[in-house]
Amino acid sequence: MTTRAKKMITLLLAFFVLAAAALSGCGKATGTGDDDAEGTTTKATQKQEAQKEELKPVKLSWYYIGNEAEENAPEVFEKANEMISEKINATVTFHRFSFGDYPKKMQLSIAAQEEMDLMFTADWSLNYAEIVSKGALLELESLIDGYAPGTKSLIPDKIWNGTKVAGKIYGVPNYQVSFRQPALIFKKELVDKHGLKDKIFAVQKMEDLTPIFETIKANEDDIIPTLVPPLWQKWDARTRDEYLEIFIGLPCGVNYDLEIIDTNNDEYFIAKDEADYKLAREWNEKGFFHKDVGLVKDFTPEMKAGKFFVLNDVYKPGIESDMKTRYGYDVYAVPMGMPVLSTGSITATLTGISRTSKNPERAMMLIEQMNTSKELYNLIVFGMEDKQYKKTGDNRIELIPESGYTGYAWMMGCQFNAYFLPGQEDDVWEETKRLNAEAFEAPTLGFVFDRNNVKTEVANINAVSKENEEIKKYGILEVDEYMDKLEESRRKINEAGLEAFKKELQSQLDVWKSSR
């Protein structure tokens, strides 16, 4: 190690020690508990050891979603490790898996208790609450206090609160847009060509899309009007009174007044299911969907080729630029429903530290670097200058096509460190922070449902719900035939244990409300 590196590491170590001491005096850390402390020293011992010696070199592993085989990734990671080694005397092995493979691979690794350090987790992939309940992640509050003071101060308290399971933090938010608001994504070229801009921005409900799709179908032989089914926006509300939060995908939700609503047996929602299906059937018969919509599982090639007129995504400032980067063409993004700050929106992208990690302190230091070092963050997200991107301004870049390396800006660290891409306004991150602060706060913010007591019922209900999923979304059967299936499905869901799930949800809600 160079003399310069030793000096930098010593200075960094002193900073962490001072920060930990200051925060332990004024913070309100809960501590990791005896189980979480197993295999690590106490904070007091950590401080004593840190004062005695420099950081020893360690190797870390980081698991997340990404493109598994890219020719220039090794070069990018080598450069990243030079920076990481200089900052915290660690090197990192980056393990990337596809969206589909990642949760399966990680569940196997967790079950086998493989040694790991950092891992991506979310409410939609490698389910955060589920792996916490399995004991796969370390409780992080004391590690955050001791080794990531910049990260702690960067992220607002209400965002931290959304990560807590039974009052403890097990994942660090990859700080960015923290609310969820659905959006319809329209291909700009065709909207402009057919004079549809006013019409798409006037859309209030899915039925409003029918005449727009008819225009596209009649005039664009090579374009599929939609990949978005009518029930896509089923649970998204435009007002507080319409708000309903659905838990783990089951037909049972909680409204703004924290009342449980059984959508499987409620007449309003039964009628809504029927109306959504009738519209889906109409769109199917008019040829608005892909001809193999019930068979094909991955439409990514057609999406990137611009074959769909409308897609769906989550709205955020600058989404148009993100979509162009992802698909290669300009779009209009139309927000639908309210922007909602919820436990699910906050836990949509987190970084956790494995309970099997031998170096959790150093892993937390790396998280701190990803949140506070703009240089390191942009290297891992965008690659290297003049190889993966070109600078077009002090804080602006333009990506080089087919550069042999890609990263996801929302996957790790603080996205507010990111360079601006073409089409993004200079105030995009300030605007995102403003909307985070102003978004509608879900009444269940901070509540996490623990399925352990009703695992069998949840599995059985999910199995029934998935039986007719593709038929339901895309109107594949005649209306009368589907209505018979819908009635049968509701009966099966009741028999699968919906009432037990409702009772468990109510019980956990009552405990959570009393503890607030």
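Definitions and cut-offs
- Residues numbered from 1 in each chain as written.
- Predicted model: local features only at pLDDT ≥ 70, side-chain atom pairs only at ≥ 80, totals over all residues.
- Heavy atoms only, no water.
- Helix = DSSP H or I, 4+ residues; strand = E, 2+ residues; numbered from the N terminus.
- Buried < 20%, exposed > 50% of the residue type's maximum accessible area, 1.4 Å probe, protein only.
- Areas by Shrake-Rupley, 256 points an atom, 1.4 Å probe, with all protein chains shown as cover.
- Pairing = 2+ DSSP bridges.
- Patch = residues over 30% accessible without salt bridge, like charges linked within 9 Å, V, L, I, M, F, W, Y side chains within 5 Å.
- Salt bridge = Lys/Arg side-chain N within 4 Å of Asp/Glu carboxyl O.
- Lys, Arg positive; Asp, Glu negative; His and termini not counted.
- Charge placed at Lys NZ, Arg CZ, Asp CG, Glu CD.
- Expected span 1.5 Å × (residues − 1).
- Axes fitted to C-alpha atoms, helices over the stretch in contact; angles between N-to-C directions.
- Parallel < 35°, antiparallel > 145°, perpendicular 65-115°, else oblique.
- Left-handed = near helix turned anticlockwise from the far one by under 90°.
- Contact = heavy atoms within 4.5 Å.
- Nonpolar A, V, L, I, M, F, W, Y, C, P; charged D, E, K, R; others polar.
- Core = buried A, V, L, I, M, F, W, Y, C linked by side-chain atoms within 4.5 Å.
- Polar contact = N/O pair within 3.5 Å; in protein donor to acceptor, adjacent residues only side chain to side chain.
- Phe/Tyr/Trp six-rings, centres within 6.5 Å; stacked < 30°, edge-to-face > 60°.

### Notes on the overall build of the protein
The helix and strand tally for the protein stands at 23 helices and 18 strands. A total of 516 residues make up the protein; the buried ones form 52% of that total. Surface summary for the protein: the accessible area is close to 24,000 Å², and the carbon and sulfur share equals 49%.

### Points about the sheet that holds strand E10 (residues 253-255)
If you walk across this open sheet you meet the three strands as E9-E10-E11, and the pairing is antiparallel. Strands at the two margins of the open sheet, each flanked by one partner only, are strand E9 (244-246) and strand E11 (260-261). Direction of pairing for E9 relative to E10: antiparallel, over a ladder of three bridges. Its bridge partner being in E10, Ile 246 is matched across the sheet by Gly 253.

### Observations concerning a negative patch on the surface
Among the surface-exposed residues, Asp 241, Glu 242, Asp 257 and Glu 259 lie close enough to one another that they form a single negatively charged patch. Along the polypeptide, Glu 242 turns up in the loop between strand E8 (224-226) and E9.

### Some words on the pairing of strand E16 (residues 389-393)
Within a regular strand, side chains alternate between the sheet's two faces. Two elements, E16 and strand E17 (residues 396-399), share four bridges in a ladder whose sense is antiparallel. Across the sheet, Gly 393 pairs through a bridge with Arg 396, a residue of E17.

### A word on helix H4 (residues 73-88)
Its 16 residues give H4 an end-to-end C-alpha distance of 22 Å, which sits within 8% of 22 Å, the value for a rise of 1.5 Å per residue. Note on H4: the residue one or two positions beyond its end, Asn 89, has a positive phi of about 55°.

### Quick word on the packing of H4 against helix H17 (residues 360-372)
Orientation of H4 relative to H17, taken along the N-to-C sense of each, is 115°, at an axis distance of 11 Å. Here H4 is positioned roughly perpendicular relative to H17, judged by the angle of their axes. Seen from above, H4 lies across H17 with right-handed handedness. Seen from H4, the contacting residues are Ile 84, Lys 87 and Ile 88; seen from H17, they are Arg 362, Met 365, Leu 366 and Gln 369. Here the contact of H4 with H17 is composed, by residue class, of four nonpolar, one polar and two charged.

### Description of the sheet that holds strand E12 (residues 308-314)
The sheet built from four strands is open, its strands ordered E8-E12-E7-E13 with mixed pairing. The open sheet has two edge strands with one neighbour each: E8 and strand E13 (331-335). Ignoring strand direction, the axes of neighbouring strands in this sheet form an average angle of 25°. Pairing of strand E7 (residues 182-187) with E13 involves five bridges; the strand directions are antiparallel. Bridge pairing links Phe 186 to Tyr 332 in E13.

### Observations concerning the nonpolar core
Counting residues in each nonpolar core, the largest one holds 83 residues, and the members touching the most others are Trp 62, Phe 94, Tyr 102, Met 119, Leu 140, Met 364 and Leu 366. In terms of residue count, H4 provides more of this core than any other element does, seven residues in total. The contact partners of Leu 140, leaving out residues within four places of it in the chain, are Ile 169, Tyr 170, Gly 171, Val 172, Thr 351, Ile 353 and Met 364. Core analysis: the next-biggest nonpolar cluster, separate from the first, contains 41 residues, Ile 216, Leu 311, Met 323 and Ala 333 among them.

### Concerning helix H13 (residues 267-285)
When the terminal C-alpha atoms of H13 are compared, their 27 Å separation across 19 residues agrees well with the 27 Å that a helix rising 1.5 Å per residue should span. Where H13 is concerned, the buried positions are Phe 269, Ile 270, Asp 273, Asp 276, Tyr 277, Leu 279, Ala 280, Arg 281 and Trp 283. Along its buried surface, H13 packs onto helix H12 (210-219), E8, E9, E11, helix H21 (469-474) and helix H22 (479-495). Where H13 begins, the side chain of Asp 266 points an oxygen toward the backbone nitrogen of Tyr 268, at a separation of 2.9 Å. Gly 287 occupies a position one or two residues after H13 and carries a positive phi of about 75°.

### Focus: the packing of aromatic side chains
Enumeration according to the criterion identifies 34 aromatic pairs in this entry. Ring centres 5.9 Å apart and planes at 80° place the aromatic pair Phe 201 and Tyr 332 in the edge-to-face group. Highlighted residues: Phe 201 in helix H11 (residues 197-201) and Tyr 332 in strand E13, separated in sequence by 131 residues. According to the relative accessible area criterion, Phe 201 is partly exposed, its value standing at 40%. For Tyr 332, a relative accessible area of 11% translates into the label buried.

### Section: the side chain of Thr 226
Topologically, Thr 226 is positioned in strand E8. Classification of Thr 226 by relative accessible area gives buried; the value is 1%. At 2.7 Å, the side chain of Thr 226 and the backbone nitrogen of Val 228 are in polar contact. If we skip the residues at most four places from it in the chain, Thr 226 touches Phe 213, Trp 283, Phe 288, Phe 289, Phe 308 and Val 310.

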